[in-house]
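In case you want the letters, here they are:
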Amino acid sequence: MRGGRRLFPLLLLALLPGLCHGREPAPGAVTCGSVLKLLNTRHSVRLHSHEVKYGSGSGQQSVTGVEASDDANSYWRIRGKSDNSCQRGTPVKCGQAIRLTHVNTGKNLHTHHFPSPLSNNQEVSAFGDDGEGDDLDFWIVQCSGTYWEREDAVRFKHVGTEVFLSITGEQYGHPIRGQREVHGMPAANHHNYWKAMEGVFIKPSLDPAKHDEL
């Protein structure tokens with residue numbers, strides 16, 4: 001028993017660095033301004049983009065799904081339809097329209113009436129410059145409560161074309177071998193659930209320096 005008592009503080013100290021740096025998911029809402037990765041819960045791949053353009057369809061920057069959890073090209077910033085409609089640190093409401101801006105290229109998650117290259121669903125691309133695109137960059141967060149909670153699986157429904165952000169498992173060959181096609185589907189199903197994963201979550205605070213790193 002005495003040995004157990006001595007070991008407990010040591011175990012707690014070993015866990016503290018991970019807790020302090022937020023490596024374990026903490027409950028709470030996803031907030032405006034947060035930068036995160038999104039996991040498709042059906043296929044266990046993260047939403048991803050890169051400076052590789054589609055060879056067909058729109059020819060815009062491609063959006064894919066990747067298995068790796070540590071790829072920096074899988075970070076997206078949460079923004080409102082306008083900068084004033086989604087103040088930094090404000091929890092995102094279920095039913096709210098947002099933009100997802102790819103951090104490394106500054107382009108927004110986008111869809112339009114082009115066929116996707118592998119499944120012939122609706123193409124999803126990354127579009128715009130420095131976070132500014134057009135009205136086909138808006139997605140409604142569909143969730144069951146008041147706010148988009150980090151631990152919940154949610155859907156993203158496109159405002160302009162009413163498709164859901166989806167993955168059904170088709171894989172690309174060269175030059176992005178093994179990456180999955182991301183596309184829009186008209187029906188809500190198990191292929192279009194997404195969960196917030198790694199990222200920097202801005203806390204609701206008057207102090208913009210405060211954030212919770214995951």
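Now for a description of the structure that goes with this document.

Conventions we followed
Residues numbered from 1 in each chain as written. Predicted model: local features only at pLDDT ≥ 70, side-chain atom pairs only at ≥ 80, totals over all residues. Heavy atoms only, no water. Disulfide = S-S within 2.5 Å. Helix = DSSP H or I, 4+ residues; strand = E, 2+ residues; numbered from the N terminus. Buried < 20%, exposed > 50% of the residue type's maximum accessible area, 1.4 Å probe, protein only. Phe/Tyr/Trp six-rings, centres within 6.5 Å; stacked < 30°, edge-to-face > 60°. Lys NZ or Arg CZ within 6 Å of the ring centre and 35° of its normal. Contact = heavy atoms within 4.5 Å. Polar contact = N/O pair within 3.5 Å; in protein donor to acceptor, adjacent residues only side chain to side chain.

**Some words on the state of the cysteines**
Point 1. Within the structure shown, the criterion is met by 2 disulfides.
Point 2. With a sulfur-sulfur separation of 1.8 Å, Cys-32 is cross-linked through a disulfide to Cys-86. An S-S torsion of about -90° defines the bridge between Cys-32 and Cys-86 as left-handed. Taken as a pair, Cys-32 in the loop between α1 (2-20) and β1 (35-40) and Cys-86 in the loop between β4 (76-80) and β5 (97-102) lie far apart in primary sequence, 54 residues in all. Neither residue differs from the other here; Cys-32 and Cys-86 are each classed as buried.
Point 3. The residue that forms a disulfide with Cys-94 is Cys-143, at a sulfur-sulfur distance of 1.9 Å. Handedness here is read from the sign of the S-S torsion; for Cys-94 and Cys-143, about -120°, the answer is left-handed.

**Things to note about the packing of aromatic side chains**
Point 1. Taken as a whole and assessed by the stated rule, the structure comprises 1 aromatic pair.
Point 2. When the ring centre of Tyr-193 is taken as reference, the NZ or CZ atom of Arg-155 above it lies at 4.0 Å.

**Quick look at the environment of Thr-111**
Point 1. Positionally, Thr-111 belongs in strand β6 (residues 108-115).
Point 2. You can call Thr-111 buried: its relative accessible area is 0%.
Point 3. As for Thr-111 and Val-159, which are separated by 48 residues in sequence, their C-alpha atoms are 9.8 Å apart.
Point 4. Once you skip the residues sitting within four places of it in the chain, Thr-111 turns out to touch Gln-122, Glu-123, Val-124, Leu-136, Trp-139, His-158, Thr-161 and Val-163.
Point 5. Of note is the side chain of Thr-111, whose polar atom sits 3.0 Å from the side chain of Gln-122.
Point 6. Of the polar contacts made by the side chain of Thr-111, one reaches the backbone oxygen of Glu-123; its length is 2.5 Å.

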